[in-house]
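Summary of the model geometry
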Amino acid sequence: MLEIRDLRVRYGSIEALRGVSLTVGAGELVALIGSNGAGKSTCLKAITGILRPVEGSIRLEGQELAAEPAHRIVARGVALVPEGRRLFGDQTVMDNLFLGAYRRRREVGGDAGMRARAEEYLDRFPILRERRSAPAGSLSGGQQQMLAISRGLMASPRLLLLDEPSLGLAPLLVRQVFDIIRDLKRAGRTVLLVEQMANLALRIADRAYILEQGRIVLDGTSDALLANPEVARGYLGRLAGTPTARREPPGRGITEQQ
Ligand code: ATP
């Protein structure tokens, strides 16, 4: 679905991505993990055309995106749920949902299709139905994240990009949001998840890449990374092979992992 090769992105003299290559297969949930400033958001901004790479290629189903403007990339089926949610705080929950499908009205079946999709997410998240006429800015952090993910899905994207969905949420809400992401994977969605919380990301992702200072330093299946002592030391805050290293069996929610 997505193939990135040798991606280089600069902010003036700062080289934020120094030759990043990664792939996401159709139906895969892939995590991009790294600490503050590693270049995770930069990578998502390059995929979505917000930043123009200096070098490298970004292909969606074989078609090059690296020179496309952001609105065309959206029209091709890439949706970004940005860091910090970035909802339109003065607009209602419903308006925010509809805006998610704005560029892909035709693909989702026009106004009727948009309404049907919005109903689907209001069913999935009853609290959003309850607050449907409220300004998005009045929702709690967790509710805003549910709305931001639903807004991203409104466009029926081929590829969903999630930028640090756990940021700023209380632990219980983080677990709820990760349950939602796990459900997306079960529903066959293709997702690239950017996260600092490596432990949680690796428990739901099929594969992951670890980014440090603009370079991929490790990649592999989540199981292999969870068992890797280097990952455990650097990213999980514990020794590999301890009970918390095990992944959640399919069909079970994320459980407390202290
Ligand atoms: P975070 O978790 O803090 O969002 P990140 O892994 O997403 O971190 P990026 O935001 O992609 O990291 O930043 C990568 C590097 O690029 C950092 O060194 C950062 O300081 C730098 N950077 C990001 N945005 C800009 C900008 N607009 N101008 C200059 N440098 C930037």
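Worth saying up front: this structure is predicted, and the values here are computed from it rather than measured. (Residues numbered from 1 in each chain as written. Predicted model: local features only at pLDDT ≥ 70, side-chain atom pairs only at ≥ 80, totals over all residues. Heavy atoms only, no water.)

Another point: unusual backbone geometry. Unusually for a residue other than glycine, Asp6 sits at a positive phi of about 50°. In this model, Glu164 sits at a positive phi of 45°, which is unusual for a non-glycine residue. One can find Glu164 in the loop between strand S7 (159-163) and helix H7 (171-186). (Helix = DSSP H or I, 4+ residues; strand = E, 2+ residues; numbered from the N terminus.)

Once that is clear, we can look at the domain arrangement of the protein chain. Domain assignment breaks the protein chain into domain 1 (2-77 + 158-256) and domain 2 (89-155). Measuring from the centre of the C-alpha atoms in domain 1 to the corresponding centre in domain 2 gives 24 Å. At the junction of the two partners, domain 1 supplies 16 residues and domain 2 supplies 14 residues. In this structure, the salt-bridge partner of Arg124 is Asp183, at a minimum N-O distance of 3.0 Å. Joining domain 1 to domain 2, the criterion identifies one residue pair in polar contact (both at pLDDT 80 or more). Counting residues per element, the ones that place at least two in the side of domain 1 that touches domain 2 are helix H2 (70-75), S7 and H7. For the side of domain 1 that touches domain 2, the residue count by class is 10 nonpolar, three polar and three charged. (Domains from an automatic or database assignment. Contact = heavy atoms within 4.5 Å. Salt bridge = Lys/Arg side-chain N within 4 Å of Asp/Glu carboxyl O. Polar contact = N/O pair within 3.5 Å; in protein donor to acceptor, adjacent residues only side chain to side chain. Nonpolar A, V, L, I, M, F, W, Y, C, P; charged D, E, K, R; others polar.)

Let us look at the pattern of salt bridges. Applying the stated criterion across every chain, the model contains 17 salt bridges. Of the charged contacts, one joins Glu3 and Arg5 as a salt bridge, the two residues approaching to 2.9 Å between their closest N and O atoms. For Glu3, a relative accessible area of 28% gives the class partly exposed. For Arg59, the salt bridge is made with Glu64, and the minimal N-O distance between the two is 3.8 Å. One network of salt bridges, in which partners are shared, links Arg124, Asp179, Arg182, Asp183 and Arg186. (Buried < 20%, exposed > 50% of the residue type's maximum accessible area, 1.4 Å probe, protein only.)

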